[in-house]
Amino acid sequence: MSEQALGSATALRRLMTEYKQLTAQGVSAGWNVHCWYGLFAIGYPVTLTLDFALAEGPISESDFFTWEALILGPKDTPFEGGVFTAKLTFPSDYPLSPFKMKFDPPLFHPNIYPDGTVCISILHTPGDDPTMYEQASERWSPVQSVEKVILSVISMLAEPNLESGANIDCCKLYRENRAEYERIVRQSVREQLGL
Amino acid sequence: MQPNVVSLSESDSVQDPTDFPPSSIAPGLRDLDDSLRCPICRELYTAPVTLSCGHCYCSLCIRNSLSSKAECPICRQNASEVHIRKNPAMESVVKSWASGRDFILGLLKPQEDHRTSPSVDSQGKASNTQPDSPSKKRKRTTDDTLTSAAGERKLTPGISKAQVQCPMCNQTVPERTINQHLDSGCQSYLSEASSSGTRGQQKEQWSKVFGNSGITHRNKDKGKAKEKEKEKDGDPDGLSDVDPLPKVSYNVLKDKLIQEYLTEHGLPTNGGRDACIARHQKWVMLFNANLDRSPANRQSLDQLKRELKKWEEAQQTRKHSVTDVVAYQKEHKSEFERLKEEARRRIPDKTSNSAAASGIIVIDDDE
Ligand SMILES: [Zn+2]
Ligand SMILES: [Zn+2]
Ligand SMILES: [Zn+2]
């Protein structure tokens, strides 16, 4: 884990650009963008993509290198209806190195470590494959972006990748007793919402 | 707001393609702006180069990227620095676009913006961008002004009403041009008022930092940004017939030799072996990337050294205050609670319509 840093001017400017583009594009694409003090929620039009919404933005004014994303559980998955908070932590050499993404509280999912850290190939640098199963073509490169990663994570929620499991128990359960896996996820979504 | 921190409002001063209206309003402009940007840094190309696959990046961006992974970041074809080729055509397109961009944006701005920004006039240069009558239709105004603008490239567009303080050098810079200012190594695009005096001072400070380096500067006054443009043969450091610096295998070199390499370029030798290696590596990168600019656009060795110093300072990780983050989360806890509340309310009828899962956010479904 690279410690949080104010980072280089290059990283900062690239982040500010992504941030601006995310919000601005959201508006012009007909998405709804809600803003509370730098926390942004972007609702994609249902007709355009998956049924989800996300919120993201720097967590505080003094730290552009930590963002918080709100992700809505994709439709027709056990995560549907949930609102999940993830923290994005950017390294000071971003975008050369990828950022880290961690759900807080953690999600029960084959590709999410029990501490909430997301294990997905797009967030791994080519030299760093904890599972050895990932295609080099799917890994991080400096032309990837927050938006692309979030989209990948959302489709990962819907379709776990069992070849690169991060939560072994969850993988096992998913493989052997899908109904129970889905029940646990649904249960946790309801608990998270206080139901 | 605390001083000297990046504020969210600063992100408004970032340039990106969405500064332009979508193609339904201004066909092609947003895409044009996008295609003149480096996919790594997302800024207008600086010293654009292409790899053998044809993909284009800023020289410095791709050199940085290749040093961590020897492939094209877009198509992942194997690549190395020897594949880098200058792209002077792209460079000149970008240069023209950069100089006309603000002007075009000014034409596209709603007229009220002009009317509520008297500071434009105080700069004394913006007269031509002012729409003469608010009742005129946008399209007409655009055509008129575009035509008349063709011959007057120096025109300052009347849209930079706001002045911001540069986070790097603390000088006052028009908000619109903060990026170009940063690109210039804090050398140009200063506000009219602050440009002459402050820059001189800053220059002096830097020259103190670096002392008199091994490479002497023949032309002390070369740095004036305004003159840079006129300076067609401007090549104060004699860089036009210089070869790129070769890569160095540092692990076979003695400390002393590495220090000599640094001294040779007038660079400091403090900080131990690793710091010296990192410094020299970065210097080679900056130096070679600079050679990928066409001679008229090259930075001086002084400017490159400033870049190097800036980079080194940024490497020294500054701890940020976690308490800020925690406080922020506390402060905004209610927002999250509200989101959850709204999501909860929706759950019973979640199967009833497709927009349901969008939950917190009301989705505009135009059909
Ligand atoms: Zn670049
Ligand atoms: Zn390529
Ligand atoms: Zn500056």
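Below is a summary of the structure that appears in this document. Values in this document were obtained by computation on a predicted structure and should not be read as measured data.

Quick notes on the rules
Residues numbered from 1 in each chain as written. Chains lettered and ligands numbered in written order. Predicted model: local features only at pLDDT ≥ 70, side-chain atom pairs only at ≥ 80, totals over all residues. Heavy atoms only, no water. Phe/Tyr/Trp six-rings, centres within 6.5 Å; stacked < 30°, edge-to-face > 60°. Buried < 20%, exposed > 50% of the residue type's maximum accessible area, 1.4 Å probe, protein only. Pairing = 2+ DSSP bridges. Helix = DSSP H or I, 4+ residues; strand = E, 2+ residues; numbered from the N terminus. Contact = heavy atoms within 4.5 Å. Axes fitted to C-alpha atoms, helices over the stretch in contact; angles between N-to-C directions. Core = buried A, V, L, I, M, F, W, Y, C linked by side-chain atoms within 4.5 Å.

## Description of the packing of aromatic side chains
Residues and elements named next belong to chain A. One pass over the full model with this rule turns up eleven aromatic pairs over all chains. Ring centres 5.9 Å apart and planes at 85° place the aromatic pair Phe 79 and Phe 84 in the edge-to-face group. Note on accessibility: Phe 79 and Phe 84 belong to one class, buried. Members of the aromatic cluster, each reached through a chain of ring pairs, are Trp 67, Phe 90, Tyr 94, Phe 99 and Trp 140.

## Examining the sheet that holds strand β1 (residues 48–50) of chain B
Residue and element names in this part refer to chain B. Taking strand neighbours across the sheet as the criterion, the three strands line up as β2-β1-β3 in an open arrangement whose pairing is antiparallel. The sheet terminates laterally at β2 (56–58) and β3 (85–86), the two strands that pair on one side only. Set on the sheet, helix α2 (residues 59–68) makes contact with β1 and β2; between it and β2 the angle comes to about 95°.

## Section: the nonpolar core
Residues A:Trp67, A:Phe90, A:Phe99, A:Met101, A:Phe103 and A:Val146 are the most contacted members of the largest nonpolar core, which totals 41 residues. Looking at this core, the elements that each hand over two or more residues are α1 (9–28), β4 (63–72), β5 (83–89), β6 (100–103), α2 (146–158), α3 (168–176) and α4 (178–192) of chain A. Counting residues per element, this core draws most heavily on α2(A), which supplies seven residues. Residues contacting A:Phe99, with those up to four places away along its chain left out, are A:Leu88, A:Thr89, A:Phe90, A:Pro91, A:Tyr94, A:Leu123, A:Trp140, A:Val146 and A:Val149. In this structure, B:Ala26, B:Leu44, B:Leu51 and B:Ile84 belong to the second largest nonpolar core, which totals 27 residues.

## Quick word on unusual backbone geometry
All names here are of chain A. The linkage connecting Tyr 94 with the following residue, Pro 95, adopts the cis geometry, with an omega of 5°. For Pro 95, the position within the fold is in the loop between β5 and β6. Of note in the backbone geometry, Asp 76 takes a positive phi value of approximately 60° without being a glycine. Note that Asp 76 resides in the loop between β4 and β5. Taking the relative accessible area as the measure of exposure, Asp 76 reaches 67% and is therefore exposed.

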